[in-house]
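# Geometric and topological summary
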Amino acid sequence: MSEGHQVSPDNSAGRSMKTVGIVAAVVAVGVVGAGIATRSHSDRQLAGWTAAQATPTVTVIQPKPAASTAALTLPATLQALNSAPIFARTSGYVRKWYVDIGDNVRAGQTLAVLDAPEVEQQLAGARADLETARANQQLAASTATRWRNMLAKDAVSKQETDEKVGDLAAKTAVTNAARANVSRLTYTQGFTRLVAPFSGVVTSRSTDIGALVTAGTAASTPLFTVSDVGRMRAYVRVPQSYSAQIHPGMHVALTLPEYAGRSFDATLTRTAGAVEQNSGTVLVELQAANGDRALKPGAYAQASFPVAGSSGAVSLPASALIIGERGTQVATVGGDGKAHLKTIKIAQDRGATFEISAGIATSDRVIDNPPDSLADGDAVQIARTAATTDAPH
């Protein structure tokens, strides 16, 4: 073999090293690329898992039609048929009081007597002014009479006579004003006796002997309260969905917690005939006889109205209700997978459940135990049985 075709060992070794380097670089690039791809996949998986965790998982329930009842039971507040706070019409000091709480009184009976020395002095001065005015009037009358007689004899002028007659008219007006002032102060002095406006029972007393009573101020408090408890009123707010079934003359049963097993018959006497927008209820008044005084003013009672059929309301557990600044609401899940807050009207509170008269229907999907942070339009996912999502490692 000639020298021109001989291969140098150094060149062969160089080419081998170059090949190894290229292969190593390719392997390194592949390893880096695989690592980046794996990391990117993990990041996407983690982002998806985080987004899924940020979307609250909720449990939905279906509203149920409210059960038909034979009686509608609602809270009622009892009041006396007539109740009058007794204020003082004149300022003074309490000289004596004659009745106390629980005492029976009759119309016109004296409850207390006040001492009003200022009024007595004013009355004495007014009577003296009246006597002075009467004396001046009598003198002006005599003078006017004499001048009329002299005018008839042409002894005096017509102008002078008219002046005397005018003076009489002025003195008469002063007398009438003084008489009216005496009558006013006489009535004011009469107000030192506080009397019962009607027969009833004394339900409050807020005065004592020697107490200063100031009349005609915003800070004035009633000295007594007299209530006619022989017959009682009860005011009840009836949901709109039942308002068509109630009418004057209907008999309603009243029950009180202190009289277990006893029922008081009441009659519906009148209805407001209008629905209050804030509560969706109609105010009605009941009246009941109270011969034994078992019913007390201010007491809490339950009124049972005999109604038939379903009210058209739906029933929901108390855990589904949201109480906030916008009133009572529930959260529903729409077809778009988002929460929607709806304002509702409560027809009746049954403790663990509520009857809802407006705002939702039986076809709505209501969220039970909604999260506190849930807002209108938030995306939610409905909980499914045996479906869990694990976080990537």
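Numbering of residues starts from 1 in each chain and follows the order in which that chain's sequence is written. Reporting in this predicted model follows two pLDDT cut-offs: at least 70 for local features of residues, and 80 or more for side-chain atom pairs to be given and counted; totals over whole chains, interfaces and linings ignore these cut-offs and use all residues. By convention in this description, side-chain values take in all heavy atoms of the structure and omit both hydrogens and water.

Our next topic: the packing of aromatic side chains. Classification of ring pairs rests on two measures: the distance between centres of Phe, Tyr or Trp rings, Trp counted by its six-membered ring, which must be within 6.5 Å, and the angle between planes, read as stacked under 30 degrees, edge-to-face over 60 and tilted in between. Under the criterion given, the structure shown has one aromatic pair. Definition used: whenever NZ (Lys) or CZ (Arg) falls within 6 Å of the ring centre and also within 35 degrees of the ring normal, the charge is taken to sit over that ring. Over the ring of Phe191 we find Arg89; its NZ or CZ atom is 4.5 Å from the centre of that ring. Residue placement shows Arg205 over the ring face of Trp97; its charged tip is 4.0 Å from the ring centre.

With that settled, the discussion passes to the pairing of strand E12 (residues 264-276). Here, strands pair whenever DSSP counts at least two bridges between them. Labels follow the DSSP assignment, with helices taken as runs of H or I lasting at least four residues and strands as runs of E lasting at least two, numbered in each case from the N terminus. Relative to E12, strand E11 (residues 251-255) runs antiparallel, the two sharing four bridges. Opposite Leu254, over in E12, you have Phe264 as the bridge partner. Relative to strand E13 (residues 281-289), E12 is paired through six bridges, and the arrangement is antiparallel. Of the residues in E13, the one forming a bridge with Leu268 is Leu286. In textbook terms, the turn of a hairpin is the stretch between consecutive antiparallel strands, and for E12 and E13 this stretch comprises four residues, one of which, Gly280, has a positive phi near 65°.

Turning our attention to the confidence of the model for the protein. Confidence along the protein averages 82 in pLDDT terms, with 81% of residues attaining 70 or more. Here residues 386-393 is modelled with pLDDT under 50, and outside its nearest four sequence neighbours on either side it reaches seven contacts, counting other chains as well. Summary of the metric used: pLDDT quantifies the predictor's per-residue confidence within the range 0 to 100. Contact definition: two residues touch when any of their heavy atoms are within 4.5 Å.

A few words now on the packing of helix H2 (residues 117-152) against helix H3 (residues 158-190). Viewed as axis vectors pointing N to C, H2 and H3 meet at an angle of 160°, and their least axial separation amounts to 7 Å. As judged from the angle between their axes, H2 and H3 are roughly antiparallel. By crossing handedness, the relation of H2 to H3 is classed as left-handed. For the contact of H2 with H3, the per-class residue count stands at 16 nonpolar, 11 polar and 11 charged. Whenever a helix is involved, its axis is fitted only over the stretch in contact; in every case the axis is a line through C-alpha atoms, and angles between N-to-C directions fall within 0 to 180 degrees. Any angle that falls under 35 degrees is termed roughly parallel, while one over 145 is termed roughly antiparallel, one within 65 to 115 roughly perpendicular, and all others oblique. The crossing is said to be left-handed when, going from far helix to near helix, the turn is anticlockwise and less than a right angle, and right-handed when the turn is clockwise. Any residue outside Ala, Val, Leu, Ile, Met, Phe, Trp, Tyr, Cys, Pro, Asp, Glu, Lys and Arg is labelled polar, Gly included; the first ten of those are nonpolar and the last four are charged.

The next thing to look at is the nonpolar core. What makes a nonpolar core is a set of buried Ala, Val, Leu, Ile, Met, Phe, Trp, Tyr and Cys residues whose side-chain atoms join them at distances within 4.5 Å. For every residue, the accessible area (1.4 Å probe, protein chains only) is compared with the maximum for its type, and the residue is labelled buried under 20%, exposed over 50%, or partly exposed between those bounds. Leu78, Val236, Val238, Leu286 and Phe305 are the most contacted members of the largest nonpolar core, which has 31 residues in total. Look past the residues within four positions of Val238 in its chain and what remains in contact with it is Leu72, Leu74, Ser243, Ile246, Gly280, Thr281, Val282, Val284 and Phe305. With 17 residues, the next largest nonpolar core counts Val94, Leu111, Leu114 and Ala196 among its residues.

Turning our attention to the environment of Thr77. Looking at where Thr77 falls in the secondary structure, it is placed in strand E3 (residues 72-86). Look at Thr77 and you get partly exposed, because its relative accessible area is 42%. When the C-alpha atoms of Thr77 and Lys296 are compared, they prove to be 10.0 Å apart, with 219 residues separating the residues in sequence. Sequence-distant contacts of Thr77, defined by excluding residues within four places in its chain, comprise Arg233, Ala234, Tyr235 and Ala299.

Moving on to the pattern of salt bridges. Should a side-chain nitrogen of Lys or Arg be within 4 Å of a carboxyl oxygen of Asp or Glu, the pair is scored as a salt bridge. According to the stated counting rule, one finds 10 salt bridges in the structure shown. Close ionic contact of Asp100 with Arg205 constitutes a salt bridge, the shortest N to O distance being 2.9 Å. With Asp100 in the loop between strand E4 (92-97) and strand E5 (104-105) and Arg205 in strand E8 (residues 200-205), this pair connects stretches of sequence that are 105 residues apart. A salt bridge links Asp162 to Lys158; its shortest N-O distance comes to 3.0 Å. Of the two residues, Asp162 and Lys158 are both situated in helix H3; the distance of four residues between them amounts to about one turn of the helix. Ionic contacts of the salt-bridge type, sharing partners, join the residues Arg233, Arg270 and Glu285 into one network.

Spatially, four strands are ordered E7-E6-E4-E9 in an open sheet, and the strand pairing comes out antiparallel. Looking at strand neighbours, the two that pair on one side only are strand E7 (193-195) and strand E9 (212-213), the edges of this open sheet. Across two bridges, the pairing between E4 and E9 is antiparallel. By the bridge assignment for E9, Tyr93 is matched with Leu212.

Attention now goes to the sheet that holds strand E2 (residues 64-65). Read from one edge of the open sheet, four strands run E2-E15-E20-E19, paired in antiparallel fashion. Because the sheet does not close on itself, it has two edges, and the strands there are E2 and strand E19 (345-349). Bridging between E19 and strand E20 (residues 353-358) involves four bridges; their strand directions are antiparallel. Bridge pairing in E20 places Ile346 opposite Ile356.

Sheet topology places E4 next to strand E6 (residues 110-115); four bridges connect them, and they run antiparallel. In the sheet register, Val94 faces E6, and the bridge partner there is Leu114.

Attention now moves to the side chain of Thr161. The topology assignment puts Thr161 in helix H3. Within the structure, Thr161 has its side chain in polar contact with the backbone oxygen of Ser157 (distance 3.1 Å). Setting aside residues no more than four positions away along its own chain, Thr161 makes contact with Trp147, Arg148, Leu151 and Val156. Think of a polar contact as two N or O atoms within 3.5 Å of one another; within protein, one of them needs to be a possible hydrogen donor and the other a possible acceptor, and neighboring residues in sequence only count if both atoms come from side chains.

Along the chain, the position of Thr207 falls in the loop between E8 and E9. The buried category is assigned to Thr207, whose relative accessible area is 9%. Excluding residues within four positions of it along the chain, Thr207 makes contact with Val94, Trp97, Leu223 and Phe224.

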